[in-house]
Structures are given as C-alpha cells and as structure tokens.
Amino acid sequence: MAGVIYGKFRGVVRGLFPDLFDKLAKHKLIVKYTITSVTSAGIDFLMLFIFTEYLFKSRYLISAIFAFTISLSFAFVVQKYWTFADYSGEGVHGQVFSYFLTVLFIMALNLALLYVFVEFGHLHYLFAQLISLCVTGVVGFVINVRHV
C-alpha cells in the first residue's frame with residue numbers, strides 16, 4: 001500500500017518538476033547532509049528548550065552543551081551510515097576522534113555565537129540558537145566533507 005502511494009506521489013512530483021529527481025541525485029550528499037542536519041537541529045532545539053525551561057532553569061549555555069552533545073551524537077551515527085554510507089568498522093576510532101575534535105570546535109563556536117546573540121544582541125535564546133546552528137552547520141559540513 002505504501003509503495004503504491006509513494007509511486008503515485010513520485011509520479012505527480014515528476015510531472016510537476018521533471019528535473020527534480022535528477023538534480024537531487026546529482027546533489028545526493030548535500031541533500032542527505034541537509035536532512036540529517038535539520039533533524040539534528042530539531043533534536044537540539046527540543047533538548048535546549050527542555051533543559052533550559054525545566055532542568056537548568058534559564059542557564060541556556062549549560063543547556064546548550066547538553067543539547068548539542070545529544071544532537072551531535074545522533075548526527076554522527078546517521079551521517080556515518082546514511083549520509084556518507086560508510087558501513088566499515090575500519091578506522092571508526094579515527095573517525096570518532098576526528099568528529100569529536102570537529103564537534104568541540106563547532107560547539108565552542110556555537111556557544112560563542114549563542115552568547116553574543118543573547119547577551120549583546122538581546123535575542124531570545126532559541127532564535128539565537130537557530131542563527132548559530134545555521135552558521136555552524138555550514139562550517140561543520142565543510143570540515144566533515146574535507147577531513148572526517
């Protein structure tokens with residue numbers, strides 16, 4: 001049943017946007033990375049909100065560290081196996097170490113931007129995090145593709 005619905009949906013989309021699937025296939029890595037990043041950002045937002053509002057009571061920077069750690073743990077697993085289709089166990093320790101160094105850099109950049117946007121820009125912490133995640137997402141993509 002789901003296959004029939006998907007087939008009809010794909011046919012309608014292909015009729016409306018004939019080149020869409022070819023363009024998506026051509027940029028498959030970026031599409032997968034974007035999907036993973038948006039999902040990871042959603043997890044980050046949810047955890048940031050829960051931690052700030054209910055657990056750490058307005059200590060948004062501490063909340064951001066925990067939220068970021070959870071969302072990036074999710075992102076590592078999904079990006080390794082789905083985005084970059086790397087199923088080998090060979091070199092995984094090196095990948096985790098490289099990813100960890102990247103995450104530390106990205107987390108430091110994220111926290112710095114978050115702090116600046118909230119304290120000096122007087123933005124709400126969730127809106128500030130949205131901006132920070134957009135900036136660090138681009139930086140993280142470049143680092144992951146080139147080095148991890």
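See above for the structure.
For clarity, every value in this text was computed on a predicted model and none was experimentally measured.

One full turn of an α-helix is made of 3.6 residues, so residues set three or four places apart face in the same direction. Between its terminal C-alpha atoms helix α4 (residues 60–83) stretches only 30 Å, short of the 34 Å expected from 24 residues at 1.5 Å a residue. Among all positions of α4, only Tyr60, Ser63, Ala64, Ala67, Phe68, Ser71, Leu72, Ala75, Phe76, Gln79, Lys80 and Thr83 are buried. Ala85, located one to two residues past α4, shows a positive phi value of around 45°.

Okay, the side chain of Ser71 next. In this fold, Ser71 is placed in helix α4. Looking at Ser71, the relative accessible area reads 2%, which means it is buried. At a separation of 3.4 Å, a polar atom in the side chain of Ser71 contacts the side chain of Asp44. Setting aside residues up to four positions removed in sequence, Ser71 forms contacts with Ser40, Ile43 and Asp44.

Once that is clear, we can look at the packing of α4 against helix α5 (residues 92–120). Where α4 meets α5, the axes come as close as 10 Å, and the angle between the chain directions of the two elements is 145°. The interaxial crossing formed by α4 with α5 has right-handed handedness. Within the contact of α4 with α5, the residues separate by chemical class into 18 nonpolar, four polar and two charged.

The next point concerns the packing of aromatic side chains. Going through the model one piece at a time under the given rule, you end up with five aromatic pairs. When the ring of Phe56 is compared with that of Phe66, the centres are 5.3 Å apart and the planes differ by 25°; the resulting orientation is stacked. Of this pair, Phe56 sits in the loop between α3 (28–55) and α4 while Phe66 is found in helix α4, placing the two residues 10 residues apart along the sequence. The class for Phe66 is partly exposed, based on a relative accessible area of 43%. Ring centres of Tyr115 and Phe120 lie 6.0 Å apart, and the angle between their planes is 85°; this geometry places the pair in the edge-to-face category. On the basis of relative accessibility, which here comes to 37%, the residue Tyr115 falls in the partly exposed class.

In this section: the environment of Phe141. Tracing the backbone through its elements, the reader meets Phe141 in helix α6 (residues 125–147). Taking the C-alpha atoms as reference points, Phe141 and Ser37, 104 residues apart in sequence, are found 9.2 Å from one another.

What counts, and at which threshold
- Residues numbered from 1 in each chain as written.
- Predicted model: local features only at pLDDT ≥ 70, side-chain atom pairs only at ≥ 80, totals over all residues.
- Heavy atoms only, no water.
- Helix = DSSP H or I, 4+ residues; strand = E, 2+ residues; numbered from the N terminus.
- Expected span 1.5 Å × (residues − 1).
- Buried < 20%, exposed > 50% of the residue type's maximum accessible area, 1.4 Å probe, protein only.
- Polar contact = N/O pair within 3.5 Å; in protein donor to acceptor, adjacent residues only side chain to side chain.
- Contact = heavy atoms within 4.5 Å.
- Axes fitted to C-alpha atoms, helices over the stretch in contact; angles between N-to-C directions.
- Left-handed = near helix turned anticlockwise from the far one by under 90°.
- Nonpolar A, V, L, I, M, F, W, Y, C, P; charged D, E, K, R; others polar.
- Phe/Tyr/Trp six-rings, centres within 6.5 Å; stacked < 30°, edge-to-face > 60°.

Everything listed here is a matter of coordinates, which is why it stays silent on function.
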